[in-house]
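Single-letter residue listing:
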Amino acid sequence: MEKIQNYIGGKLCEPQSGNYLDNYNPATGAVYSLIPDSDKSDVDKAVIAAKNAFPAWAALSSEKRMGFLMAIADKIEENLEDLALAESKDNGKPLWLSKAVDIPRAASNFRFYATAIMHDKTDCFDMGEVAINYTIRKPIGVAGCISPWNLPLYLFTWKIAPALATGNCVVAKPSEVTPMTAYLLSKICTEVGLPDGVLNIVHGLGHKVGATITEHPEIPVISFTGGTSTGQQIARVAAPMFKKMSLELGGKNPNIIFADCDFDDALSTTKRSSFANQGQICLCGSRIFVERPIYEKFRDAFVAQTKKMVVGHPLDEKAKLGAVVSKDHMEKVLSYVELAKEEGGTVLVGGKRVILDGEYANGYYLEPTIIEGLPFNCRTNQEEIFGPVVTIMPFDTEEEVLGYANSTKYGLSSTVWTSNLKRAHRMAGNLDSGIVWINTWLLRDLRTPFGGVKQSGVGREGGFEALHFFTEPKNVCIKL
Ligand code: TXE
């Protein structure tokens, strides 16, 4: 049984306790590797290594740091097949998805920030005869990066890359549910000769390792992606310590389809925005609102096409959906289907566990599910389900659908389908979300600010937002 190791001070090492946790393959339901059950002693060791590495790493030129990050990106691409296989085995997602999205994006994250630091600049404020001001930006020190299980390497590197690029050193904790590709990344860092202690990866449980990182007095900046309730726990600890925090949390995103939309494009993209990654993307459009004149036509076409979607094991090329990430999560999603029925919903398609044959019989597979007939303000339409489950309902006016869309405690992303440009701009301006897609979904430019409002988080990732998050500005004023 493979034992995943921590990566501390440039060395792969056992947890000090010698204890390990089972790591499951969601496609089979079987334990296939072990992950360190690290504790405070491992985090303390990592923080010391990061602190020792920081002065030299911060003093490196942007060009030198770019070189290391580009080398990591190249290695990720060289190891695409192995990393994609590992990702799918750990998370349950189809292999074609890991190969097309997760792993290439991890390489892009490193490449994007490696080059971004070569173009970043600061300001100068000229007071004429009196004085001149210039602003400098410095790395903060040891950054704590904590990431979730839905897009493991993709989101892990989305935090680590800008932190390292700006000269910080990192103590990172991937989700204990999907640790494998973070472990493989530590081997890549060793291969490229990343200086010891610049990146440290401590595997283990959230309430132990994650909480220790959050409360550690020598980690002044925390970047977190995960559930809203965990984000609240982190904020409760980190805020009184005046730590800088980036919290990317949950979503319950509206997908608003007007009668004047490009019907075929809206339909095919809605299948993706509803069920991609088994619906385990915080940006999925899980509440679908269709203008009444096309409601039945759209609903029936969407149901018919969803019925044809294949649920299969990650190596099945025909599978549109793989396994959801864990037994607990599968049961959580199924409990929401039961809730929807109790709240008066009708399951138009799906709603059940899929039992595959052979070695996959115990895997965690769910049917893509569409539910109609629910009020906009019921729990099913207000709470994040984070599985292949969407609701659908008609609307008559812009005001009505805006009220529905903005009614949740979340505000991460929204999607709007219309050919009316004025309406598109109006809707974009009135939707309470950090991201609005018009006639598309998940089209990403890494330079754009990424994040949400309300309980979808605090702060923004992406582009120069991330570079500024991981640095502190200092204004120097010189009297002439
Ligand atoms: O997230 P958690 P999980 C949502 C989604 C999902 C729910 C829970 O609804 O069902 O969150 O998912 C670490 N201090 N999203 O369990 O628990 C934990 O070990 C510090 C949306 O994955 O938030 C893991 O590494 N760290 C989200 C990371 O936090 C703690 C993507 C995320 O775990 C901790 C994933 C603590 N007290 C889930 N407790 C998105 N926005 O994409 C846990 N952790």
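Since this is a predicted model, take the numbers as computed values, not measurements. (Residues numbered from 1 in each chain as written. Predicted model: local features only at pLDDT ≥ 70, side-chain atom pairs only at ≥ 80, totals over all residues. Heavy atoms only, no water.)

Observations concerning the domain arrangement of the protein chain
Domain boundaries assigned for the protein chain yield domain 1 (2–249 + 456–479) and domain 2 (253–445). At the junction of the two partners, domain 1 supplies 26 residues and domain 2 supplies 29 residues. Between domain 1 and domain 2 lies a buried interface of about 2,200 Å² when both sides are counted; carbon and sulfur atoms form 58% of it. Looking only at domain 1, the three residues that lose the most surface to domain 2 are Trp96, Trp149 and Ser456, adding up to 24% of its buried area. At the junction of domain 1 with domain 2, the criterion picks out zero salt bridges. Inspection of the region where domain 1 meets domain 2 yields ten residue pairs in polar contact (both at pLDDT 80 or more). For the side of domain 1 that touches domain 2, the element with the highest residue contribution is helix α4 (residues 95–116), accounting for four residues. (Domains from an automatic or database assignment. Contact = heavy atoms within 4.5 Å. Buried area = accessible area lost by both parts, 1.4 Å probe. Salt bridge = Lys/Arg side-chain N within 4 Å of Asp/Glu carboxyl O. Polar contact = N/O pair within 3.5 Å; in protein donor to acceptor, adjacent residues only side chain to side chain. Helix = DSSP H or I, 4+ residues; strand = E, 2+ residues; numbered from the N terminus.)

Details of the pattern of salt bridges
One pass over the full model with this rule turns up 25 salt bridges. Note that Lys208 is salt-bridged to Asp37, the shortest N-O span being 2.9 Å. Placement of Lys208 in helix α7 (residues 206–215) and of Asp37 in the loop between β5 (30–36) and α1 (40–59) is noted, with a sequence separation of 171 residues between them. Here Arg111 ties to Asp74 by a salt bridge, and the two come within 2.6 Å at their closest N and O atoms. In this pair, Arg111 sits in helix α4 while Asp74 sits in helix α2 (residues 62–78), placing the two residues 37 residues apart along the sequence. Judged by its relative accessible area of 23%, Arg111 falls in the partly exposed class. Within the structure, one salt-bridge network assembled from shared partners comprises Asp260, Glu398, Arg423 and Arg426. (Buried < 20%, exposed > 50% of the residue type's maximum accessible area, 1.4 Å probe, protein only.)

Observations regarding the site of the ligand
As a structural note, the neighbourhood of the ligand is formed by 27 residues, with Trp149, Glu176, Leu249, Lys332 and Glu384 the closest of them. At a separation of 3.4 Å, an oxygen atom of the ligand approaches a polar backbone atom of Gly206. For the ligand, an oxygen atom lies 2.6 Å from a polar atom in the side chain of Glu384. With the chains in place, 87% of the 810 Å² that the ligand exposes on its own is no longer accessible. At the level of elements, α7, β11 (221–225), α8 (228–238) and α11 (327–342) are the ones that each hand at least two residues to the shell around the ligand. Tallying contributions element by element places α7 first for the shell around the ligand, with four residues. Per-class residue counts for the shell around the ligand are ten nonpolar, twelve polar and five charged. A domain split of the shell around the ligand shows at least three residues from each of domain 1 (2–249 + 456–479) and domain 2 (253–445). (Near = heavy atom within 4 Å. Areas by Shrake-Rupley, 256 points an atom, 1.4 Å probe, with all protein chains shown as cover. Nonpolar A, V, L, I, M, F, W, Y, C, P; charged D, E, K, R; others polar.)

A closer look at the packing of aromatic side chains
As enumerated under the stated definition, the model contains eleven aromatic pairs in all. Taken together, a centroid distance of 5.6 Å and an interplanar angle of 75° make the contact between Phe263 and Phe298 edge-to-face. Residue Phe263 is found in helix α9 (residues 263–275), and its partner Phe298 is found in helix α10 (residues 292–307); the two are separated by 35 residues along the sequence. A relative accessible area of 15% places Phe263 in the buried class. We classify Phe298 as buried; its relative accessible area is 0%. Sitting over the face of the ring of Phe263, Lys297 holds its NZ or CZ atom 4.1 Å from the ring centroid. One residue, Lys320, lies across the ring of Trp96, its end atom 5.6 Å from the ring centre. (Phe/Tyr/Trp six-rings, centres within 6.5 Å; stacked < 30°, edge-to-face > 60°. Lys NZ or Arg CZ within 6 Å of the ring centre and 35° of its normal.)

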